[in-house]
Each structure stands twice: as structure tokens, then as C-alpha cells.
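Residue-level listing of the chains:
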Amino acid sequence: MWKSKKLLIFPAIYLLMLYLPILGAGDHVNMTDLSFNLRHVGLLANSMKLALLSAVIATALGFFAALYIKTGFMADKWYRYFFILFLPIPFYTYALSWIYFIRMFSIPFPALLKYSLKGFGACLYVEVLEYFPLALLLALIGMESISASDIEAASVYKRLVIVVRDIVLKEIAPYLYAATGLIVILSVTDFSVPSMFQYNTYTLDLFSVYGRTGNVTLVCLKTLPVILLMLVPLSWLLGGMRKFGTVKSGRLKMGIHLNGWMRVVSGLAFAVCIIQILIPVITFIVTTGSVRVFADAFSSVKEELLVSITVSLLAAIFGTIIAFFPAVMIADSDNGVLGTVSMLPVAIPGAIGAMGLLKVVNRSFLHVLGDSVILSAIGCGIKIAPFMVLIICIYRRYTDRHLTEIAWILADKRKKAFLMECRLILPGLMIAFMLAFFMTYAEEGIMLVLMAPGLEAITVKIYNYLHYGASEYVSAFCLISVGVIAVIELTTLAIYRLIVVGMRK
Amino acid sequence: MHKTMKRAVQAVLLLIVTMIFMTGCGKSKEVVVYTAVDEVFAEDIIKGFEQETGIKVKVVYDSEANKTTGLVNRIISEEAHPVCDVFWNNEFMQTIKLAQSGLLESYESPSADTIPDYYKAADHTWAAEGGRARVFLVNNAGIEGKKTPGSVRDFVSDEYTGDELAIAYPMFGTTKTMAAALYAAWGEDEARQYFETIKAKGVNVVDGNSVTKDMAATGQVIIGFTDSDDAREAIEDGADVTMVYPDQGPDDMGTLLTPSTVAMIKGAPNPDNAKVFVDYILSEKVERQLVEAGFYDLSIRDAGKDGSIKGMSVPLEDIYDCMDVSAADMEKIFSDAK
């Protein structure tokens, strides 16, 4: 069924949606504006330095924290995935919590003020905390594909270090490669963190060029060196994806007992897990100060919350619709070209793609979309679709192909067989859907560009208030945002368990 | 299970339709405003307008990082199908740019009668009001034993090291305007030299005036070159700082005053409501309200009167004409990889 040529229309639509905003802006470009000199090389080096270090540290922390979780009492508990709670939290939450943290303690200890966030170190701190939950998530998923009996057998004959190196690390290497690749891509294409902490990167420079010229085509052409560089982490990502394990562990707890330095390192990584949740939450509670402030703040962001949730929901639906077929085709065919072409637009900064989309839409009858939340949702959906392809693709590889073949043989109608296949990868679709939801919820740049008049997202509101100066209301906004995310995550987890358990039954 | 799923999908679809309806309904009595005025100040004014006129305002705010340029690029990209009715800008350069691109509608607001001609476009495509000044925010503890800066030129004197100073990226916002103003006042060579010195001294060049303010307020730097509204915020927060207006002596050039501007967009979807909004924003009442709130330093209706802050005497159009050259230089000087 998936090999039918008629179905090629779906990846075609997907690619059109991804590339039209970039290629369709149609701005005039002078060749002289396309210069690439030593300064640009330096900026690219800055981008890569930050991205690689963030990726390596976050992935290492993710691996060890996952190891701690999967060998301890939480290994088979449903809440083991709750440590990724802050995956959808906007980056500035970490920055703000750190600023508050320093301010609070600088009252008795004024010398602490010099540790305020600035430059490369600040960017690295924020990005490691921002991407750590992503690495942890992939490492946890990877560890669930390891055969528990293999580990137990090896543990009898080999030392702990060798078991971890030869079995655990080897098995989840594709996941770690994918995490590293993904983090490098996300870091290189982001300009908000370097912008906030005064660290010049190539993407920040692109944004500056855009601010000066308003020329989307020029900026996209200037992105080519980034795209070429991103082929490397993209190959880690896609290479990792192709090797994702298909063996699911019967038992969720790994039968090894951590000791020595590995226990210490894993414990520390797990401590980071806790810290990256507790410090923001505690500081925001303390700096909000009173229930009255919290209530006032909630009353003033009700509409923004509704907008953010609506856009996130629509973006997730849109992303699922356009990503589903390409994901399944990539997973089934091992088509490297389609995989690469499907993922390349992730190297374009989201806000620039959004401006391209705005230009394209405004030249057509679709300009009416700009008056509602739909355009923001499409913009975010386009940015997130490649990541959804990735998730659905992973899950498709997990799916037992015999079951799908049986479905096609036994079903009396193609529609029934198709629905059966959908149900088999439903957990993957749900994970992709929720990832899209949360990434959209945390998005600021695209929202800012495509926001319909009067429909401000919560992230934009917090960012605007934050830039005017930290206040108790900013803390309350962040606290509300974290609370809403926690509630949605818990609800999702409950629904997910309901559906997956239902499917198993 | 199948039925439950079906119901769940139906419920979600119903919820989405309801949410879209709730977030996008109503269009008869509204005006769409794009504003670069700080959200914390603009919100109160807009609420007042809605209460007074019954016209619903749909706002698009801009964030500090890409202030003004983001909205201007959006207005340009919407040229074929304008969405915005009124552009309420927190400065004048980008507004003049829009006027020269033919994207603004001429409207002679009766509220602008009391505004000096110097602050209005000859073709009535825009009018200015209020004003924020470029100021030094000086940390009192840090400045002890050093001379308090009195002139823009003092910022690059040997009295202070680069680590002790902070300024926002001159490629954006009012710092970009300040660069163009110095180009217009001093000439290209002298002004370029000034910013090259800032770069060479290793001055902290940061993302936005509010960051500059925070750095001076917390003592990370001794002097932050910022806008008066940011400086006032630090003072109100109880920071140990002093706001200094540079170049106020009888022979000095005065500090750059940045008025806000209001303009109607050509082809605005709600032109009648747009006019009502422009009249409201340009009214003396709103200008005084924003002075009271601390967003404006002064009413331009008071310009030239005794005791008011001395502003630069360079015409706004001259500053605009210098912008391309100064912006390209700033890009070259400050986009270097660190």
C-alpha cells in the first residue's frame, strides 16, 4: 500500500509546505550582498563551538541520568518520563531563574553579582539545561530497547564498566548520535539565546541582516553555509534513526547495580535533572511573593494562554497531517535522499521561514488566514514537521511488520487496513503530536512574526515583560506557564496510558 | 475502544473550533494596531481607548530584540493586503522609512494642531509626540572616585574602561537612531571613529536598553548608555543609580530626544476607527499620561520652554538620511565575531 505512486502526493505536499516559504519569498538579491568572508567564518565557528559543546554536555548528562533512572527504583515506574517535564519550557525561564537566584543571594553575598549571566558561558549554561531533557528522553527510549537478559548474562562475567560500554552504550549509541545531531541543529539555528547573552553567532548575524534589509531570500541564501554544515549533524540524526533498536525489553529495569565512579557520575547527572526543575520552580514561587500577584497575573494572561494552547493544538494537528506519510515512507523505504531533503529546512531559523510564509501568504487569497491563529499554527507546524517525521519514523521502526502485513491480508477494505496500521503506530503519533504541541507552546520567534492582531501568545508576553525588567509578574507568568505545561503533560500521560493499555488489551 | 476514540476525536475537534471562534471572532468595531511601544505602557493606554470609544483594539506588539524593525518588515510584507490600521512606533526613523516607501496614509489629525510642525510630516503621513531622551544611567557606588560623565564624548574617555560601560547593539532600536543622529551632528568620520572606539575599548554591547539598565542597576557596569524610560524604571526599583542627561550646557549640542510617532497605513482595513485611534494617541491627555507613567521624558508640546530638557537641534529627516550609512557601519563594527 505504502509503495503506491499515488501516495507520493503526500511527501510532495510536505516538501511544498516546507520549502515554499523559503523559496517563495521572491525578494530581489544583489550578488554583492552575498559575500562570505573571514568574519562569517568566525561567526560560524562561534555557532559550532556553542552547539557542539552544548550537545556533548547535554547528551552526556542525559545518558548518565537515564542510566541512573533505569537502574534504580524508578526504572519501571510510570513517572520515569516525568523528568523531561521542562522539555517545553522556553529557554529564558532558565535564564530568568538564574538571574533571580543570583539576585536573591546577592543581598547577603554581594560578590555573587559578578556571576550574572553573560557571554559564551551563559549561553552554554542555558542551552545545556534547555536541551538536557531532550537528550534524557532519547536516552531513556533507547535504554528501553535493550534486552534485560543480555545485560544480566553479561553482568555475570564482565565488570560493570565493560557491560555499560559494550552493551548499554553500544545499544543506545544511535539514540545518543540522534540526540547530539538534533541538539547541534537546534542550537545552531537559534538566535534568541546568543542574542540575550551577547554572544555573536552566524544565525544572530543573519537576523541582523534581516532586520536591516527585510530580505527573506537574501537571508535564506546566506543560510546555505549553515545548511551545508548541518549535513553532518543531520547525518548523525538520520544515521542514528536508521539504527534505532527494534528489540523491546521484557523488563523495564536494567539488571545492573551501579557502583564506584559510575554511581557518582550518574547520581550527579540525576541531580542536574532535579535542579533544572526545582530551581526555576522555587525561585518563581519565592519571587512571585503573594497569592494576590499570582491571581492578578493569571487574570491578565488568560487570553494569552488560550491563544498559546489553541495555536499549539492546531500546529500539532497540521504537523501530524503533513508529516505522517513522509515519515512512514522514510521508515519503510530507507530512502536517504527523501530523509535528508525532509530534514534540511530545520537549518533555517524559524522566524525567517515565518517571514517568508507571511510574504507568500500575503500575495495570495490566503492572506485572510493572517487574521486568525491559523497562520501562526501553520508556521509553527512547518517548523516542527521535520521533528515529527523523526518521531513517527522511529515508532514505525518499532512496529512489528508482521502485524501490519496480516492487517493488509485480512482486512476486507483498504481503509480498515490503513486504520489498523495507524492504530499500531498510534503511540508514536501521540508522542509526535505532543512534542509538536509543546515545541509550539514554547515558540517565541515564529509567534512574534505570524501573531494575528490581538492574539498574543504567552511566550511573547513573558518575553516582552522580561525585557522591560524582571518583576514579580514575570515570575508569576513563568510559574503559570510551568503549571499549565505540567497539567497538560499529566493529562497527556494519563490519556497515553489509557490508549496504550487499551490497545494492549 | 474504537467508540471512545471517535468520541475523543470529536470532542477535540469541537474544542478547537470553539477556541478558534473565541480567539478570532468579531470585526465590526475594531482597529488593528502594530506598536513598538513597551507593552507594559501601551496596555493601559489601549484599555483607556477601548473604554472611552467602545472600539476594540487588536494589538501586535514587538519584542525588544527586534524592536520596530520586525513590525516594519511585517507592514512592508503585508503591502498587498494590509492588516494593520495604525502603526504606533516608539521612534521616528522607521516611520519615515515607511512614509518614503509610500505605505502611509495622509491624515491631518485635529489632535496634532498643538504639536510643533518640526514633529510632523509635511504631507501629514505621520506625527510625533512625547519623547524619551538618551541618558547615562550611572551606578552611584561604582562612580565613586571617578568623574560623572557630562557629555556623549565622555563615554569613550580614558576615565572608564570598557568593562565599566554598557550600551545596546547600535544595529537596533533607539541606539541605532542615536548612531545616525551622531552621524548627522558630527559628520561621518567623527561619528564612525566614536563607535570604533566603543568597540576597541571592549564596552559591553548588549541586547537591548533594558539589559543595559539592568547591568548598571546591579553594578555590573558603572555607566549604562540607555533610554530615560529604562533608567526611570531602575530608579523606581530602588537601584542605587543616577540618571544623567548628557550635553545640557549652554554650548552643548543637547541629547537625542526620540519622540514616538503615529501613522495610518495606506489601505487600512478600518480607516474610520484608525482615525479615532490616531486622534486619541496624539491627544495631549495621552501624551501627559505617558509622561506621568514615565514612558516619555517630556511632552514635545513643552519643547523649548524654560526648564525643559535640551534636545539635539538636528532635523529628524537629516538623521533619517544618515541612517543607511551609519547602519552599514554599525553592522561592520559590531557584528565582528568576538
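1. Some details on the overall build of chain A
Then, in step 1: A tally of regular secondary structure across chain A gives 21 helices and zero strands.
Then, in step 2: Residues classed as buried in chain A amount to 60% of the 505 residues present.
Then, in step 3: Summarising the internal contacts of chain A: among those between residues at least 6 apart in sequence, 86% fall at separations of at least 24.
Then, in step 4: Surface exposure of chain A reaches about 20,100 Å², of which carbon and sulfur atoms provide 70%.

2. Some details on the pattern of salt bridges
Two side chains that carry opposite charge are able to pair once their charged atoms sit near each other.
Then, in step 1: As enumerated under the stated definition, the model contains 22 salt bridges over all chains in all.
Then, in step 2: When the shortest N-O distance is used, the salt bridge between Glu 304 of chain A and Lys 461 of chain A registers 3.5 Å. Taken together, the residues Glu 304 of chain A in helix α12 (residues 291-333) and Lys 461 of chain A in helix α20 (residues 458-468) connect sequence positions 157 residues apart. In this structure, Glu 304 of chain A and Lys 461 of chain A share a single accessibility class: buried.
Then, in step 3: Across the pair Arg 301 of chain B and Glu 129 of chain B runs a salt bridge whose closest N-O atoms are separated by 4.0 Å. On the criterion of sequence distance, the pair formed by Arg 301 of chain B in the loop between α11 (284-293) and α12 (316-321) and Glu 129 of chain B in strand β5 (residues 127-139) is long-range, its members being 172 residues apart.

3. Quick word on the nonpolar core
Then, in step 1: Counting 277 residues, the largest nonpolar core has Trp 88, Phe 155, Tyr 194, Phe 195 and Phe 277 of chain B as the members making the most contacts within it.
Then, in step 2: When residues in this core are grouped by element, the largest group, 20 residues, is from α12 of chain A.
Then, in step 3: For Phe 155 of chain B, the contacting residues outside a window of four places in its chain are Phe 136, Leu 165, Ala 166, Ile 167, Tyr 194, Ile 198, Lys 201, Val 203, Ile 223 and Phe 225 of chain B.
Then, in step 4: Core analysis: the next-biggest nonpolar cluster, separate from the first, contains 16 residues, Ala 133, Ala 166, Ala 216 and Leu 298 of chain B among them.

4. Some points on the pairing of strand β10 (residues 257-265) of chain B
Residues and elements named next belong to chain B.
Then, in step 1: In terms of residue burial, β10 counts as a mostly covered element, since nine of its nine residues are buried.
Then, in step 2: Here β10 shows a buried face lined by Leu 257, Pro 259, Thr 261, Ala 263 and Ile 265 and a second buried face lined by Thr 258, Ser 260, Val 262 and Met 264.
Then, in step 3: Relative to β10, strand β3 (residues 86-89) runs antiparallel, the two sharing four bridges. Among the inter-strand pairings, Trp 88 is bridged to a residue of β10, identified as Val 262.
Then, in step 4: Where strand β4 (residues 104-105) and β10 come together, two bridges link them in antiparallel fashion. Residue pairing across strands places Leu 104 opposite Ile 265, the latter belonging to β10.
Then, in step 5: In the sheet, β5 pairs with β10 via five bridges, with the strands oriented antiparallel. Bridging from a neighbouring strand, Ala 128 pairs with Thr 261 of β10.

5. A few points about the packing of aromatic side chains
All names here are of chain B.
Then, in step 1: Applying the stated criterion to the full structure yields 17 aromatic pairs over all chains.
Then, in step 2: Judged by centre distance (5.2 Å) and plane angle (65 degrees), the rings of Phe 49 and Tyr 280 are edge-to-face. Pair noted here: Phe 49 is in helix α2 (residues 39-53) and Tyr 280 is in helix α10 (residues 271-282), with a separation of 231 residues, a long-range link.
Then, in step 3: A relative accessible area of 0% places Phe 49 in the buried class.
Then, in step 4: With a centroid separation of 6.3 Å and an interplanar angle of 70 degrees, the aromatic rings of Trp 88 and Phe 277 are classed as edge-to-face. Here Trp 88 is found in strand β3, whereas its partner Phe 277 is found in helix α10, with 189 residues between them in sequence. Considered together, Trp 88 and Phe 277 belong to a single accessibility category, that of buried residues.

6. Section: the environment of Ile 172 of chain A
Residues and elements named next belong to chain A.
Then, in step 1: Residue placement: Ile 172 occurs in helix α6 (residues 160-189).
Then, in step 2: Relative accessible area serves as the criterion here: at 0%, Ile 172 is assigned to the buried category.
Then, in step 3: In contact with Ile 172, other than residues within four places in its own chain, are Phe 63, Ala 139, Gly 142, Met 143 and Ile 146.

7. Some points on unusual backbone geometry
The phi torsion of most residues other than glycine is negative, and most of the peptide bonds are trans.
All names here are of chain B.
Then, in step 1: For His 124, which is not glycine, the phi torsion reads 60 degrees and is therefore positive.
Then, in step 2: Looking at the element boundaries, His 124 is found in the loop between β4 and β5.
Then, in step 3: Residue class for His 124 comes out partly exposed when judged on its relative accessible area of 29%.
Then, in step 4: If you check the backbone angles, Asp 247 has positive phi at about 55 degrees while not being a glycine.
Then, in step 5: Mapping Asp 247 onto the fold places it in the loop between β9 (241-244) and β10.

8. What about a nonpolar patch on the surface?
Then, in step 1: A cluster of nonpolar side chains, Leu 403, Ile 406, Ile 409 and Leu 410 of chain A, forms an exposed patch at the surface whose accessible area comes to about 440 Å².
Then, in step 2: Relative to the elements of secondary structure, Ile 409 of chain A occurs in helix α16 (residues 401-410).

9. Some words on a negative patch on the surface
Residues and elements named next belong to chain B.
Then, in step 1: The grouping of Glu 317, Asp 318, Asp 321 and Asp 324 at the surface amounts to a negative patch.
Then, in step 2: Locating Glu 317 in the fold gives a position in helix α12.
Then, in step 3: Residue class for Glu 317 comes out partly exposed when judged on its relative accessible area of 36%.

10. What to know about the environment of Tyr 34 of chain B
Then, in step 1: For Tyr 34 of chain B, the position within the fold is in strand β1 (residues 30-35).
Then, in step 2: Apart from the residues within four sequence positions on either side, Tyr 34 of chain B is in contact with Pro 453 of chain A together with Val 60, Leu 71, Arg 74, Ile 75, Glu 78, Val 83, Cys 84, Val 86, Phe 87 and Trp 88 of chain B.
Then, in step 3: A distance of 2.9 Å separates the side chain of Tyr 34 of chain B from the side chain of Glu 78 of chain B, its partner in a polar contact.

11. Observations concerning the packing of helix α15 (residues 374-398) of chain A against helix α18 (residues 426-442) of chain A
All names here are of chain A.
Then, in step 1: Between α15 and α18, the least distance of the axes is 9 Å, while the angle of their chain directions is 150 degrees. By the criterion of interaxial angle, the relationship of α15 to α18 is roughly antiparallel. In the crossing of α15 with α18, the sense of the turn from one axis to the other is right-handed. Judged by residue contacts, Cys 380, Ile 384, Phe 387, Met 388, Ile 391, Ile 392 and Tyr 395 of α15 engage Pro 427, Gly 428, Leu 429, Ile 431, Ala 432, Phe 433, Leu 435, Ala 436, Met 439 and Thr 440 from α18.
Then, in step 2: Classifying every residue of the contact of α15 with α18 gives 15 nonpolar, two polar and no charged.

12. Section: the confidence of the model for chain B
Then, in step 1: The predicted model of chain B averages 86 in pLDDT, with 87% of residues at 70 or higher.
Then, in step 2: Taking the mean pLDDT of every element in chain B, the minimum, 62, falls on helix α1 (residues 2-24) of chain B and the maximum, 96, on β4 of chain B.

13. Concerning the packing of helix α4 (residues 119-143) of chain A against α6 of chain A
All names here are of chain A.
Then, in step 1: Across the interface, α4 lies against α6 with an axial gap of 9 Å and an inter-helix angle of 150 degrees. With respect to α6, the element α4 is oriented roughly antiparallel. By crossing handedness, the relation of α4 to α6 is classed as right-handed. Seen from α4, the contacting residues are Glu 127, Tyr 131, Leu 134, Ala 135, Leu 138, Ala 139, Ile 141, Gly 142 and Met 143; seen from α6, they are Val 168, Ile 172, Tyr 175, Leu 176, Ala 178, Ala 179, Leu 182, Ile 183, Leu 186 and Ser 187.
Then, in step 2: In terms of residue class, the contact of α4 with α6 is built from 16 nonpolar, two polar and one charged.

Basis of the calculations
Residues numbered from 1 in each chain as written. Chains lettered and ligands numbered in written order. Predicted model: local features only at pLDDT ≥ 70, side-chain atom pairs only at ≥ 80, totals over all residues. Heavy atoms only, no water. Helix = DSSP H or I, 4+ residues; strand = E, 2+ residues; numbered from the N terminus. Buried < 20%, exposed > 50% of the residue type's maximum accessible area, 1.4 Å probe, protein only. Contact = heavy atoms within 4.5 Å. Areas by Shrake-Rupley, 256 points an atom, 1.4 Å probe, with all protein chains shown as cover. Salt bridge = Lys/Arg side-chain N within 4 Å of Asp/Glu carboxyl O. Core = buried A, V, L, I, M, F, W, Y, C linked by side-chain atoms within 4.5 Å. Pairing = 2+ DSSP bridges. Phe/Tyr/Trp six-rings, centres within 6.5 Å; stacked < 30°, edge-to-face > 60°. Patch = residues over 30% accessible without salt bridge, like charges linked within 9 Å, V, L, I, M, F, W, Y side chains within 5 Å. Lys, Arg positive; Asp, Glu negative; His and termini not counted. Charge placed at Lys NZ, Arg CZ, Asp CG, Glu CD. Polar contact = N/O pair within 3.5 Å; in protein donor to acceptor, adjacent residues only side chain to side chain. Axes fitted to C-alpha atoms, helices over the stretch in contact; angles between N-to-C directions. Parallel < 35°, antiparallel > 145°, perpendicular 65-115°, else oblique. Left-handed = near helix turned anticlockwise from the far one by under 90°. Nonpolar A, V, L, I, M, F, W, Y, C, P; charged D, E, K, R; others polar. pLDDT = per-residue confidence, 0-100.

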